[in-house]
Structures are given as C-alpha cells and as structure tokens.
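Fold and geometry: a report
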Amino acid sequence: MTDHIRPQPGIMDIAPYQGGAAKVAGVSDAIKLSSNENPFGPSDKTKEAFQRAVHKLHRYPNTDHASLRQAIGDAHGLDPERIICGVGSDEIIHFLCQAYAGPKDEVVFTEHGFLMYKISAMAAGATPVSVRERDRTTDVDAILKACGKRTKLVFIANPNNPTGTMIGLPEIERLARGLPKQAILVIDGAYAEYVAGYDGGAGLASELPNVFMTRTFSKIYGLGGLRIGWGYGPQAIVDVLNRIRGPFNLSTAQLEAAEAAVRDQDHVDRCREENTRMRAWLAESLAEKGVPSDTSTANFILARFADEVEANACDEYLQSQGLIVRRVSSYGLPHCLRITVGDEASCRRVAHAIGQFKGLR
Ligand SMILES: Cc1ncc(COP(=O)(O)O)c(C=O)c1O
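The following paragraphs examine the structure supplied in this document. (Residues numbered from 1 in each chain as written. Predicted model: local features only at pLDDT ≥ 70, side-chain atom pairs only at ≥ 80, totals over all residues. Heavy atoms only, no water.)

**Description of the sheet that holds strand S4 (residues 127–131)**
- A sheet is described by the order of its strands in space; here seven strands give the open sequence S2-S8-S7-S6-S5-S3-S4, paired in mixed fashion. Each edge of the open sheet carries a strand with a single partner, namely strand S2 (83–86) and S4. Averaged over neighbouring strand pairs, the angle between their axes works out to 20° when direction is ignored.
- In the sheet, strand S7 (residues 211–216) pairs with strand S8 (residues 229–232) via four bridges, with the strands oriented antiparallel. Residue pairing across strands places Thr214 opposite Gly231, the latter belonging to S8.
- In this fold helix H8 (residues 235–244) packs onto S2, strand S6 (184–188) and S7, with an angle of close to 30° to the strand it touches most, S2. (Pairing = 2+ DSSP bridges. Helix = DSSP H or I, 4+ residues; strand = E, 2+ residues; numbered from the N terminus. Axes fitted to C-alpha atoms, helices over the stretch in contact; angles between N-to-C directions. Contact = heavy atoms within 4.5 Å.)

Rendered as structure tokens:
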C-alpha cells in the first residue's frame, strides 16, 4: 500500500472473520463440527431444484426474488413485500449497517454475539458497542442502559451463537419498546428453526416499526455452501435496504434451491427433531464426563472447561482424533469449545473422545 492509497478510516482495525476449520493435517476423514452445519444437508427436493438450475446458467437471475419471497411468505405466514433476500444473512446484516449506521453512530450487540455485527458496523465507519451478558445470556437491561442518542442498530441473536442460549419474546418486546426512537432492533434468527414453535421474532417485526428479523438457509436448511439468507420487517426498512442491494445478488441456482427448501418443511421438522434428540444426548454425555454446558436451543453446544489451557488441550486432543470443533476465544469465551450437533455417529465419537481426554488428565 502506498501512503496515498488508503481505505476508509477504521477498515484496517477490522479483525478478519475466521471460518471454522475444515481439515486436520494428516487425517483424511476428519469430522467437521466447527461451523454449525446441518449434518444431513439439504432435502432431496432442494438438491433436485439446484440440479435443474444448471440448464439456466446462461440466463441472468430475476432481480426481485418474487418467487422465493412468496415461498418464504407462504411458509411463515408473512407478507412477501416485506421480505428481502441476500447472500446469506451476513449480507442482510451488512445492508443494515451500511444503510443505517455511519461515522459517529453506534451499533450495539452483546458480549458473546455473532462477530459479523462488529465487522459490518466497522465497515460502515460506525462504532461497535459490546454489552455484557448475564451468565452467557442476553441481558435486556444492560442493553437498554448502553443505548443512547447515537445508537442506530441493536443486534441480538436469539438463539445466540456461540452460547446457544435465548431469551423469551416478552423480553425482546420490552427491549424493542425501550430503545431510543432512532434505533432499530435486529433479531437474528439464524437458529430459530431449531426451536419448535418459535417464530424467530417475526410477530414483533410485523407489529413494531423498529424491529427487523434476519434468517438463513445455511443452518437447518443445510445450504451453508450456497449462501442464501433473508430479512423481514417494516416496509420502510425493506425499501431502504433494497436500494443498496445489488440487482443480481442471488443466482438462479440459489433462488431455486432456496425456494424448494422452504417449501419442504417436512425436512426441516425431521432435522429439528433429530437435532433436539442428539443435542440432549450430547449435553448429558459431556456433563457426565465433567464438561458442563448451558441449555442450548440451537444446533451446537458450548462446552465449558476449567480454563483456556484445558479447552485448548481438549481441542488439540480432538484434532488428533480427527474431530474438528470451534475455539471461541474471539467471542470472549477462551475456556469454551463450541461443538456442532452432528449426526449420531459424530456425537458419539466426540463424546467418547472428550471422555478419553478427561480420563487422561
Ligand atoms: C447468529 C448468526 N447469524 C448469522 C449467521 C450468518 O449466516 P449466513 O450468512 O450463512 O446466513 C450466522 C452463521 O454462523 C450466525 O451464527
């Protein structure tokens, strides 16, 4: 870089996002439990839709995503006009920051919140504000206390990544109603489908003028590799975000696969049930081995160790056994490891290996 060519202020302060590792040197059949992916992948109907899209590769995709928005609206009982689709929910988070936050504005999120809130806030030139949690759980009073005249956006993930904890809708409503009038509450529902009967905040985003919800196809729909997410909220906010959305941000393959996925709710129900079963088994099995975790509402468990040294030693042992989990020191949780709930065989393998590790000490 020369002295003359410089990025916008703050950009060089961004710590680049590190994805979950996918390989262990020297191990060919490693099990990846580091990115909260659905071990069963997408439904057959979704894969067929993706394959059919190969015949349209020479055509530009449609720009309004009308058919996908309609399918999402049908599945969730939402107005398609108030839905926007993006390249993962990451892109929707980015649009929100770009559109609503700039220099001198503040973007609030929780202490162990998803890292992209901070990155997108800084990319927009805004000031990130991290608010402490209570026992690894969103603390509404602490957030309200941290908000002021400069607050433009407040992000909470519910369930939260990497803690797996969540708060109830009445608490979220109290937060929304208590915010300064210029602030938008964004409820990130990346893991909402894992909670039976929970609408991800859709009801609040339908009702209140300052609530917006983000969702993803990367988790329960098993489409992390394809990159599709969506947002829903007040028409005025959706209209703003659409002005900065690239017209062709989603490809035909993304649009058609996502539409097939959201129309196949049986697959979602099956994955949720299996996740609930194996999550309970994994949490109990680890607890018996002296590794506690908070009750998780998502598709991962935040395993707690005595300290950072033990967590890192366990991670190294798991790697030696071909098991990849996630270190979460960048989330302020150096004594923890985040373990995705895999299929039954993976859960059994990781629990067995952690038992061996504890036995070795
Ligand atoms: C809480 C949360 N929000 C958003 C995302 C982004 O998901 P995507 O961009 O794949 O839709 C993730 C991914 O891990 C997440 O954990």
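Additional details are given in the paragraphs that follow.
**Details of the pattern of salt bridges**
- Taken as a whole and judged by the stated rule, the model has 23 salt bridges.
- Glu207 is the partner of Arg177 in a salt bridge, and the nearest nitrogen-oxygen pair spans 3.7 Å. Here Arg177 is found in helix H6 (residues 169–178), whereas its partner Glu207 is found in helix H7 (residues 202–207), with 30 residues between them in sequence. Each of the two residues, Arg177 as well as Glu207, counts as exposed.
- With a closest N to O distance of 3.0 Å, Glu344 and Arg348 form a salt bridge. Linking Glu344 with Arg348, this pair stays in helix H12 (residues 344–360), spanning four residues, or about one helical turn.
- Its relative accessible area of 28% is what places Glu344 among the partly exposed residues. (Salt bridge = Lys/Arg side-chain N within 4 Å of Asp/Glu carboxyl O. Buried < 20%, exposed > 50% of the residue type's maximum accessible area, 1.4 Å probe, protein only.)

**Details of empty space enclosed by the protein**
- In the structure shown here, the tally under the stated rule is two cavities of 30 Å³ or more.
- Of the voids in this model, the largest cavity is the one considered here, and its volume is about 50 Å³.
- Every residue along the wall of the largest cavity is listed here: Asn38, Pro39, Phe40, Tyr194, Cys271, Glu274, Asn275, Asn299, Val341 and Gly342.
- Residues that form the lining of the largest cavity fall into these classes: five nonpolar, four polar and one charged.
- Within this model, the second largest cavity holds a volume of roughly 30 Å³.
- In terms of residue class, the lining of the second largest cavity is built from three nonpolar, three polar and one charged. (1 Å grid on protein atoms, 1.4 Å probe; cavity = no way out; pocket = protein on both sides within 12 Å on 5 of 7 lines; lining within 4 Å. Points joined across faces, edges and corners; volume = space filled by probe spheres on them. Nonpolar A, V, L, I, M, F, W, Y, C, P; charged D, E, K, R; others polar.)

**Section: the packing of aromatic side chains**
- Enumeration over the complete set of coordinates arrives at seven aromatic pairs.
- Between Phe114 and Tyr117, the aromatic rings sit 5.7 Å apart at their centres with planes inclined by 80°, giving edge-to-face as the arrangement. Across this residue pair, the class does not change: Phe114 and Tyr117 are buried.
- For the ring pair Tyr317 and Phe357, a centre distance of 6.2 Å and an interplane angle of 35° mean the geometry is tilted. Here Tyr317, found in helix H11 (residues 308–320), pairs with Phe357, found in helix H12; they are 40 residues apart in sequence, far enough to count as distant.
- Assessed through its relative accessible area of 4%, Phe357 is described here as buried. (Phe/Tyr/Trp six-rings, centres within 6.5 Å; stacked < 30°, edge-to-face > 60°.)

**A closer look at the pairing of S6**
- S6 sits mainly inside the fold: five of its five residues count as buried.
- The alternating pattern of S6 places Ile184, Val186 and Asp188 on one face and Leu185 and Ile187 on the opposite face, and all of these are buried.
- Here strand S5 (residues 151–157) runs beside S6; their pairing, made up of five bridges, is parallel. Along S6, the bridge assignment pairs Ala157 with Asp188.
- Remark: the S5/H6/S6 crossover connection has right-handed handedness.
- Sheet analysis places S6 next to S7, joined by four bridges and oriented parallel. Following the sheet pairing, Ile187 is matched in S7 by Met213. (Right-handed = clockwise from strand over helix to strand, strands pointing away.)

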